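# Fold and geometry: a report
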Amino acid sequence: MSARYGMVIDLDRCTGCGACMVACAAENNVPALPERATARTGLTPMLVRKLSNGKEGAERREAFIPIACMHCEHETPCVMVCPQQAVEVDKSTGIVMQIPQRCLGCRYCMTACPYHARYFNWWDPQWPAGMEKSLNPGVSVRMRGVVEKCNLCHARLHAAQEKAAAAGKKEIELKDYVPACVEACPTGAILFGNLADEKDPVSIAARSTDSFRLLARIGTEPKIHYKTTQAWIRAQADRNPDHSSEAQHG
Amino acid sequence: MFPWVDGFRWTATHIIFLSLFFAAVVIIVATFASAIFRAASDFREHRANEMCWRENFAELPEEERRCRHELAGRVESRICGNAFDCRECANYPNFAAIAANPRSNVGVAYSDQLLYHRGHTWVRPEWDGTFSVGLDEFANHLIGEPDAVELPQPCEEIESDGIAWRMSKNGHEIRVRAPLGGTVISTGGPGAGWYLKVLPHGQPNLRHLLRGPEVQGWLATEVDRLQVQLSAPNCGPCLADGGTLMPELMDAEPKADWDTVLASAFLDS
Amino acid sequence: MAETMLIDRRWIARGAERSSTASFLLWLTPWVLLLGLGIYAAGLCLYYGLNQTNMDNRFAFGMWIFADLGIIAMGAGAFFTGFLVYILKQEDLKPVLNSAVVVGLTCYSGAVAVLMVDVGQPLRAWFTFWYPNTHSMLTEVTFCISCYLLVLILEYIPVLLKNRQLRKIPSFLVFEHQFHKLIPVLAGVGAFLSFFHQGSLGGLYGVLRGRPFAYRQGFAIWPSTFFLFILSAVAVGPSFLMLVVAGAEKVTGRQLVQATVFRKLGFISGVLLAIYVAAKAVDTYIWLNITTPAVGFGPWDYYSYRPFSSAFLFAAMLPLGLLPAVLMILPATARKRGWLLCGATLACTGVLLNRFVLTVQTLALPTLAFDEFLKYTPSWQEVATFGGVIAYGVIVYSLSYRYLPLFEAPKGANKNVSLG
């Protein structure tokens, strides 16, 4: 039976500490970028962004939202547009797999992604002297000029599959496959699991009324869900046609 | 892209898309290859030379495509539509029957015994069945003593209206057109008074060569044009009212537009 | 003409008037310098990487993609003129056909050159052919443009072989003669390929459901932008060709074609432009009232940001759409050269604006509710590379004009008689 790995991220628990970003960078051998890199040329397959309700003073509310590849299920935009099939949906896991060795660097997928979850290697990868010893041997390093994104720590899935095969089992144990961001989060805000399994806590959480997805009306069917009890955060999940223009953008 | 590519999953859209693409590529390549094959067969079947001449003729200005019968004074005005190939012209017998009434010549000698090609070569049938080919007086007066002459080798074939031999003078290359086709038997040169002795295949048709009074009218036109081309740029066209053409004109007026003069005289582009 | 002024006289067609070699070299010099600068800028990008540009993860497509789309739309005159002459038998456009081929060749080869610098890994360009993704419009674009560039190169060969010295080589002349007979086949294939890639370039943006500003519904797998791009390309192709020829006339100081040719190009361009504006109006209505609200976006999400207000949409339709169409169709204005060229310029500007809106503006607009409107300015390397392409086009056209029969005079024309 094929899995559909996804997440539910509790925004009421996310403190914006950024541990998930650091863990992701360490796990995926994200290089240190030169000084002139900016927020818009950075390589952050997991990126924590800040939301606010736009009000000031006592009424101001802020929250943090971790954004990574949503692993869209329906007509996955990046998969549809890549001219050389350098990104594919793995049918057995539902993971949208980026293949950097095949990527031409045309960046069409980056324009297609509504979540801006894809990042381009604008520089050759380089690490401060000595830091290359801390690289993760299970994840290949990408060269300059290719696109990368969250692969749901596919190397860890491989490790779990090897472990299951060594024990003679066909299915992996979900506890063996924990993506780096999930593992690093101090508040346990990120829940990871198999959405195809109805009994999986993530599957249950995804189906609860508190959970929502970003830009759900566009219809990409992302597998990364968010959960909050605060209505003002939910209001920013989609573009609301009744919403007046001033509050959104001055 | 190809069926044997590893991991490539074929769907119906792939088949449609790639079929259209390959069809387009095949058509493009086939068009190009077809042109090459047809060109090769033109060479094999000895059509290439005539094709080149006709292409060249089509690019000549109208002034240089006047029918010999107009130059001979038989008709008032006529542009040749047949690349000067009177052998193929259906109207030739009608026009040839009219008496020639050419303009008077200005200063270039010619002989009634010779047959002249519009490219300023003459042809003389010899007693042994060969034909001598030489440069006419007009051409000799233009060029004078050539710097170099590149003649074909004996036993080489030349084709009518093709390039018979090349000369160079003062840095200009001159391609002299062959008045008739055949095998080169022997070669002469500027000093010999003739350039080639040619043995045609079978009985040659020399109807396209000018003879008799026609030559006078033709040469008069050529000399007129030469004078216009060599006129000084700031005065209008000047025509002499007497005298003979100077010899060694290319040496006498090295700064003139010889490129144009030589091309128009020798029917080149 | 004095002999000494034209050192390259042997390469120039007999009887053709050309300016002196010195003044020609003077004309070429600034363009060669610009080309050199462009090559240097491109070299920097190839050597150091795309961090030399001001593109980033949010503006993954920048000036180069906009420039490419614009150039290819302008170069549509090549296939369309060929189609009009060889398939629709509009013989009176024959004088500009060779020009159209040169314009098309430089536009497409220039666009491909810029694309090779724009992608992160140019040496992997052949991957698209090896693993084509038939769902992707970009695959279609890649295949068709490569094929069509080949067609344009082949169509240029007969023009090249008509050079005065090259045609003296018998095999070249015979080949040119035979190949010329088959040109209508190439024109047909070129029209077919062009139809598809002009459309697919529009389809690139129309399929982006993640960018509701660009996303359009359409017919089967083809969004409406597919058809709109084809229409706008064939509308602007003849206009651009007219501007290039008029520019050549201005620079050389000679009349190169009859005024009727300009009028005909303008008329065709105007009619197609009018049809395009009508189609676009319908498309915009459907998009703003049906497509976009369905995904929770509205016009205020697109047009609230200065300077990209709805004035852009208005400009594209009226002063840069309907107005030039009218100028080029109505006899009162079309018969005056100034108005005709004005109309052509406005038409080209309008189509360039449309390409800009679909590339740069699409990326500037936020999708997520908490995103902001972004700004982007191209770096000097991007501008210089694009400038290099323009210089390349001017240089190739200038050389082609000087040494090749781009505007073949009618047989027997006396060079002192004006063609007007």
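Everything quoted here is computed from the prediction, not taken from an experiment.

Okay, the overall build of chain A next. Secondary structure summary: chain A contains eight helices and ten strands in total. Whereas a compact globule of 250 residues would reach a radius of gyration of roughly 18 Å, chain A reaches 18 Å, a difference of no more than 12%. Projected onto the principal axes, the alpha-carbon positions of chain A cover approximately 55 × 50 × 35 Å. For chain A, the share of sequence-separated contacts (at least 6 apart) that also reach a separation of at least 24 residues comes to 64%.

So, on to the overall build of chain C. For chain C, the helix and strand inventory stands at 15 helices and two strands. Since a compact globule built from 420 residues should have a radius of gyration of about 22 Å, the 22 Å found for chain C is in line with a globular shape. Structurally, chain C occupies a C-alpha span of about 70 × 55 × 35 Å along its principal axes. When each of the 420 residues of chain C is scored for burial, the buried share is 53%. The contacts in chain C between residues at least 6 apart in sequence include a share of 78% that link residues at least 24 apart.

For the rest of this paragraph, the subject is the interface of chain C and chain B. Counting from both sides, the interface comprises 35 residues of chain C and, opposite them, 34 residues of chain B. Counting only elements with at least two residues in the side of chain C that touches chain B, the list comes to helix 5 (127–130), helix 6 (137–161), helix 7 (170–181) and helix 8 (183–206) of chain C. Split by residue class, the side of chain C that touches chain B holds 21 nonpolar, six polar and eight charged.

What follows deals with helix 3 (residues 76–87) of chain C. All names here are of chain C. Across its twelve residues, helix 3 extends 16 Å between first and last C-alpha, which sits within 8% of the 16 Å expected from 1.5 Å per residue. Counting buried positions over the twelve residues of helix 3 gives eleven, a clear majority of the element. Listing the buried residues of helix 3 in full gives A76, G77, A78, F79, F80, T81, G82, F83, L84, V85 and Y86. Elements in contact with the buried residues of helix 3: helix 2 (63–74), helix 4 (97–118), helix 6, helix 8 and helix 9 (224–252). Within two residues after helix 3, K89 carries a phi angle of roughly 55 degrees, on the positive side.

Residue and element names in this part refer to chain C. Direction vectors running N to C along helix 9 and helix 10 (residues 259–294) enclose 155 degrees, while the axes themselves pass 8 Å from each other. Between helix 9 and helix 10, the angle falls in the class roughly antiparallel. Helix-helix and strand crossings are classified by hand; for helix 9 and helix 10 the assignment is left-handed. Residues S224, L228, L231, S232, V234, A235, V236, P238, S239, L241 and M242 of helix 9 lie in contact with helix 10, whose contacting residues are F262, L265, G266, I268, S269, L272, L273, I275, Y276, A279, K280 and D283. Among the residues making up the contact of helix 9 with helix 10, the classes are represented as 16 nonpolar, five polar and two charged.

Time to look at the interface of chain C and chain A. With 41 residues of chain C in contact, the opposing surface of chain A contributes 48 residues. Elements with a minimum of two residues in the side of chain C that touches chain A: helix 5, helix 6 and helix 11 (299–303) of chain C. Here the side of chain C that touches chain A takes three residues from helix 6 of chain C, the largest share from any one element.

Across the two pairs of chains in contact, the largest number of contacts is found between chains A and C. The two units chain A and chain B are non-contacting; their minimal C-alpha-C-alpha distance is 10 Å.

Time to look at the environment of E372 of chain C. Position of E372 of chain C relative to the elements: it lies in the loop between helix 14 (337–364) and helix 15 (380–403). The spatial distance from the C-alpha of E372 of chain C to the C-alpha of I72 of chain C is 31 Å, given a sequence separation of 300 residues.

All names here are of chain C. Where helix 4 meets helix 6, the axes come as close as 9 Å, and the angle between the chain directions of the two elements is 140 degrees. Taken together, the axes of helix 4 and helix 6 lie oblique to each other. Where helix 4 crosses over helix 6, the handedness of that crossing is left-handed. On helix 6, the residues touching N98, V101, V102, G104, L105, Y108, S109 and V112 of helix 4 are I145, Y148, L149, L152, I153, E155, Y156 and V159. Of the residues assigned to the contact of helix 4 with helix 6, the class counts are twelve nonpolar, three polar and one charged.

All names here are of chain B. Note: strand 3 (residues 131–135) against strand 9 (residues 194–199), three bridges, orientation antiparallel. The residue of strand 9 that forms the bridge with V133 is L196. Bridge count between strand 8 (residues 182–189) and strand 9: five bridges; the pairing is antiparallel. Each bridged residue has a counterpart across the sheet, and for G189 the counterpart in strand 9 is W194. Counted between consecutive antiparallel strands, the loop separating strand 8 from strand 9 contains four residues, among which G193 sits at a positive phi close to 85 degrees.

Here we come to the environment of H135 of chain C. Take H135 of chain C: it is sitting in the loop between helix 5 and helix 6. As for H135 of chain C and V277 of chain C, which are separated by 142 residues in sequence, their C-alpha atoms are 29 Å apart.

With that settled, consider the nonpolar core. Core analysis: the largest hydrophobic core is formed by 205 residues, its most contacted members being C109 and I190 of chain A together with V151 and V236 of chain C. Top contributing element to this core by residue count: helix 9 of chain C, with 16 residues. With residues near it in sequence (within four places) discarded, V236 of chain C still touches A73, M74, A76, S269, A347, C348 and V351 of chain C. The next biggest cluster of nonpolar side chains, apart from the first, holds 56 residues, and it includes A39, A178 and F266 of chain B together with L173 of chain C.

Residues and elements named next belong to chain B. One open sheet holds the three strands; their spatial order is 4-6-7, and the pairing between them is antiparallel. Strand pairing shows two members of the sheet lacking a second neighbour, strand 4 (148–150) and strand 7 (172–177), which therefore form its edges. Taken over all neighbouring pairs, the strand axes of this sheet differ in orientation by 20 degrees on average, direction set aside. Sheet topology places strand 4 next to strand 6 (residues 163–169); three bridges connect them, and they run antiparallel. When the sheet's bridge partners are listed, V149 is paired in strand 6 with M167.

Here we come to the sheet that holds strand 9 of chain B. All names here are of chain B. If you trace the six strands from one edge of the open sheet to the other, you get 1-2-3-9-8-5, paired in antiparallel fashion. What marks the edges here is a single partner per strand, and that holds for strand 1 (115–117) and strand 5 (157–158). Across three bridges, the pairing between strand 1 and strand 2 (residues 121–125) is antiparallel. By the bridge assignment for strand 2, L115 is matched with V123.

Across its twelve residues, helix 7 of chain C extends 17 Å between first and last C-alpha, which sits within 8% of the 16 Å expected from 1.5 Å per residue. Each element contacted by the buried residues of helix 7 of chain C is listed here: helix 1 (12–44) and helix 2 (48–59) of chain B together with helix 6 of chain C.

Time to look at the pairing of strand 3 of chain B. Residues and elements named next belong to chain B. Within strand 3, four of the five residues are buried, which leaves the element mostly enclosed by the surrounding structure. Direction of pairing for strand 2 relative to strand 3: antiparallel, over a ladder of five bridges. By the bridge assignment for strand 3, T121 is matched with L135.

Residues and elements named next belong to chain A. A positive phi angle is found at C153, which is not glycine, with a value near 45 degrees. Position of C153 among the secondary structure elements: in the loop between strand 7 (147–148) and helix 4 (154–166). By C-beta crowding, C153 is classed as buried, having 27 other C-beta atoms within 10 Å.

This part takes up the confidence of the model for chain A. On average, residues of chain A score 91 in pLDDT, and 95% of them are at 70 or above. Note that residues 241–250 of chain A has pLDDT below 50 and, in this model, eleven contacts with residues that lie over four places away or in other chains.

Procedures and definitions
Residues numbered from 1 in each chain as written. Chains lettered and ligands numbered in written order. Predicted model: local features only at pLDDT ≥ 70, side-chain atom pairs only at ≥ 80, totals over all residues. Helix = DSSP H or I, 4+ residues; strand = E, 2+ residues; numbered from the N terminus. Rg over C-alpha atoms; globule rule 2.2 N^0.38 Å. Contact = placed C-beta atoms within 7 Å. Buried ≥ 20, exposed ≤ 12 C-beta atoms within 10 Å, placed from the backbone. Nonpolar A, V, L, I, M, F, W, Y, C, P; charged D, E, K, R; others polar. Expected span 1.5 Å × (residues − 1). Axes fitted to C-alpha atoms, helices over the stretch in contact; angles between N-to-C directions. Parallel < 35°, antiparallel > 145°, perpendicular 65-115°, else oblique. Left-handed = near helix turned anticlockwise from the far one by under 90°. Pairing = 2+ DSSP bridges. Core = buried A, V, L, I, M, F, W, Y, C linked by C-beta atoms within 7 Å. pLDDT = per-residue confidence, 0-100.

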